[in-house]
Amino acid sequence: MADDPARVVIFDTTLRDGEQAPGFTMDVLAKASLARALDALGVDVIEAGFPIASPADAEAVQHIAREVRRPTIAALARCRRQDIEEAARALAPAARPRIHTFLATSDLHLAAKLHMTRDQCLEAIVDAIRLARHFTDDVEFSAEDATRSDPEFLCRVIEAVIREGCTTVNLPDTVGYGTPDETRDFFAAIRARVFNADRAVFSTHCHDDLGLAVANSLAAIQGGARQVECTINGIGERAGNAALEEIVMALRVRRNRLPYDTGIKAEALYETSQLLTSLTQEAVQANKAIVGRNAFAHEAGIHQDGMLKDPRTYEIMRPQDVGQPAAQLVLGRHSGRHAVQQRCNALGLRVSQTELEHVYREVITLGERRKAVGDGDLRRILDRLRTAAEPVGAASAPVETIGYGHGV
Ligand code: MN
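Residues numbered from 1 in each chain as written. Predicted model: local features only at pLDDT ≥ 70, side-chain atom pairs only at ≥ 80, totals over all residues. Heavy atoms only, no water.

Examining the overall build of the protein
Looking only at helices and strands, the protein features 15 helices and 8 strands. Relative to the 2.2 N^0.38 estimate, which gives 22 Å for 408 residues, the radius of gyration of the protein is 22 Å and therefore close to what a compact globule would have. C-alpha extents for the protein along the principal axes are approximately 70 × 50 × 40 Å. Among the 408 residues that make up the protein, the fraction classed as buried is 55%. Pairs at least 24 apart in sequence give 72% of the contacts found in the protein among residues at least 6 apart. Put simply, the protein shows about 17900 Å² of open surface, and 51% of that area lies on carbon and sulfur atoms. One way to put it: in the protein the 48 positive side-chain charges average out to a point 4 Å from where the 57 negative ones average out. (Helix = DSSP H or I, 4+ residues; strand = E, 2+ residues; numbered from the N terminus. Rg over C-alpha atoms; globule rule 2.2 N^0.38 Å. Buried < 20%, exposed > 50% of the residue type's maximum accessible area, 1.4 Å probe, protein only. Contact = heavy atoms within 4.5 Å. Areas by Shrake-Rupley, 256 points an atom, 1.4 Å probe, with all protein chains shown as cover. Lys, Arg positive; Asp, Glu negative; His and termini not counted. Charge placed at Lys NZ, Arg CZ, Asp CG, Glu CD.)

Okay, here's the thing in structure tokens:
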């Protein structure tokens, strides 16, 4: 992967930056369930949590590190001994552990928040990287508020962390302030100025305060970043992070302008998005790009006419490319087993006869209280049924999940 100059590492932080946003708290089993889905989706790195933040965070990181073996599992830590030791402890079972340590480098954050001088900041960072390298070869450093930091000081910090063996340098637009042209120039300039830049992967982490997170992430790639930090459905602090599904599909659909690859299996994007909405009970907006329920819906007569004649008139990608079901089939209390079976098939869920009987009965029960039973409900019913059969114990997903089917 590292040898291919066009390969972009997808670093998913749904379970850390995403989960820390109001309304998106997940328990350990929910996090483990999403981590399995992210593995199946093909993400390269899963940031599983911030172990020092709470015992539950540490437990979730440890659980995922033990269970999810293919992707790199990252844990966040401030530049403090206790944070790094706690991250290392939680990551101990991981096949590929990464310690991700961070400290703000902007004068504003140093003066107003941290009460540190630049020299103290640099010293704390270097100490943290040395300690983290004691536990793993895979260490990432984030210069919080990088885009508002003095470039000269930022370059000093970056050169120092790379010298200490840090292999990924993340330059976050923590407050979502950047514009695309500026972000592209920023990455190109920093990489040109840092003498040992070729020894690390540069990473972008954008927030959506101005609705520019995805555009800025793509611009960062054009400026030389080869890791993108993003989340499913774009969840995250305040207005959220860059949406993974949008970055992946922009690279795929506009390959002529953005000739970069990821390891993502795009057909699993919708399914992963649905799992997240069902675990958190927070639906995405109907018109959300790629995964919203209207993303491939056509209602205007002229559009429908065009679609019937040639779908390319109004579709730049096909719903099946991202795993969105093309057919609309409303499930409710009048549905039969056959309809449930068909819907499961359309969603790629293989169900046994025994499972079908159980899912069917649940659909009927839910249908008594709802207009329709959505895809997320089907997945949750099946996930709960299967989790209950595992030794881990019964899943704790609540019953009152928002229906999110195409028919709603
Ligand atoms: Mn963030």
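Section: the environment of Glu282
In this structure, Glu282 sits in the loop between α11 (269-280) and α12 (301-309). By relative accessible area, which is 33% here, Glu282 ends up partly exposed. Sequence-distant contacts of Glu282, that is, excluding residues within four places in its chain, are made with Gly23, Phe24 and Thr277.

Digging into the side chain of Thr101
Mapped onto the elements of the fold, Thr101 is located in strand β4 (residues 97-104). Since its relative accessible area comes to 0%, Thr101 is described here as buried. Reaching out from Thr101, the side chain makes a polar contact with the backbone oxygen of Ala77 at a distance of 3.1 Å. If we skip the residues at most four places from it in the chain, Thr101 touches Ala77, Arg78, Cys79, Ile84, Ala128, Ile129, Glu140, Phe141 and Ser142. (Polar contact = N/O pair within 3.5 Å; in protein donor to acceptor, adjacent residues only side chain to side chain.)

What about the sheet that holds strand β8 (residues 227-230)?
The 8 strands lie next to each other as β1-β2-β3-β4-β5-β6-β7-β8, forming a closed barrel whose pairing is parallel. Across this sheet, the average inter-strand angle for adjacent strands is 25 degrees, counted without regard to direction. Where strand β5 (residues 139-144) meets strand β6 (residues 168-173), 3 bridges bridge the pair, whose relative direction is parallel. For Ser142, the partnering residue across the bridge sits in β6 and is Asn170. Packed onto the sheet, helix α6 (residues 118-135) meets β4 and β5 and runs at close to 175 degrees relative to β4. (Pairing = 2+ DSSP bridges. Axes fitted to C-alpha atoms, helices over the stretch in contact; angles between N-to-C directions.)

Details of the packing of aromatic side chains
The description of two aromatic rings rests on the distance between their centres and on the angle between their planes. Evaluation of the coordinates by the stated rule reveals 2 aromatic pairs. Between Phe186 and Phe187, the ring centres sit 5.6 Å apart and the planes meet at 90 degrees, which makes this aromatic pair edge-to-face. (Phe/Tyr/Trp six-rings, centres within 6.5 Å; stacked < 30°, edge-to-face > 60°.)

Observations regarding the pattern of salt bridges
This structure, assessed with the given rule, holds 28 salt bridges. The shortest N-O distance in the salt bridge between Asp83 and Arg78 comes to 2.8 Å. For Asp83, a relative accessible area of 1% gives the class buried. Between Arg118 and Asp150 there is a salt bridge, with its nearest N and O atoms 3.4 Å apart. Highlighted residues: Arg118 in helix α6 and Asp150 in the loop between β5 and α7 (151-163), separated in sequence by 32 residues. (Salt bridge = Lys/Arg side-chain N within 4 Å of Asp/Glu carboxyl O.)

Section: the nonpolar core
By size, the foremost hydrophobic cluster in this structure holds 94 residues, and its most contacted members are Phe141, Leu171 and Leu269. Counting residues per element, this core draws most heavily on α6, which supplies 9 residues. Those residues within four positions of Leu269 in sequence are excluded, and the remaining contacts are Leu41, Leu244, Glu245, Val248, Met249, Ile264, Ile290, Val291 and Val322. Counting 17 residues, the second-largest nonpolar core is a separate cluster that includes Leu331, Val351, Val359 and Leu378. (Core = buried A, V, L, I, M, F, W, Y, C linked by side-chain atoms within 4.5 Å.)

Focus: the domain arrangement of the protein
Here the domain parsing of the protein yields domain 1 (9-280) and domain 2 (297-389). Taking only C-alpha atoms, the centre of domain 1 and the centre of domain 2 are 34 Å apart. On the side of domain 2, 14 residues touch domain 1, which itself brings 10 residues to the contact. When the two sides are added together, the surface that domain 1 and domain 2 hide from each other amounts to roughly 1000 Å², 60% of it contributed by carbon and sulfur. Viewed at the interface, domain 2 and domain 1 are joined by 0 salt bridges. Applying the counting rule to domain 1 against domain 2 returns 5 residue pairs in polar contact (both at pLDDT 80 or more). (Domains from an automatic or database assignment. Buried area = accessible area lost by both parts, 1.4 Å probe.)

Brief notes about the pairing of β8
Remark: a regular strand shows side chains that alternate across the two faces of the sheet. Judged by which residues are buried, β8 turns out to be covered on both faces: Gln227 and Glu229 on one side and Val228 and Cys230 on the other are all buried. Bridge count for strand β1 (residues 9-12) against β8 is 4 bridges, and the pairing is parallel. Paired with Asp12 across the two strands is Cys230, which belongs to β8. Tracing the backbone out of strand β7 (residues 201-206), into helix α9 (residues 213-222) and back to the parallel element β8 gives a crossover that is right-handed. (Right-handed = clockwise from strand over helix to strand, strands pointing away.)

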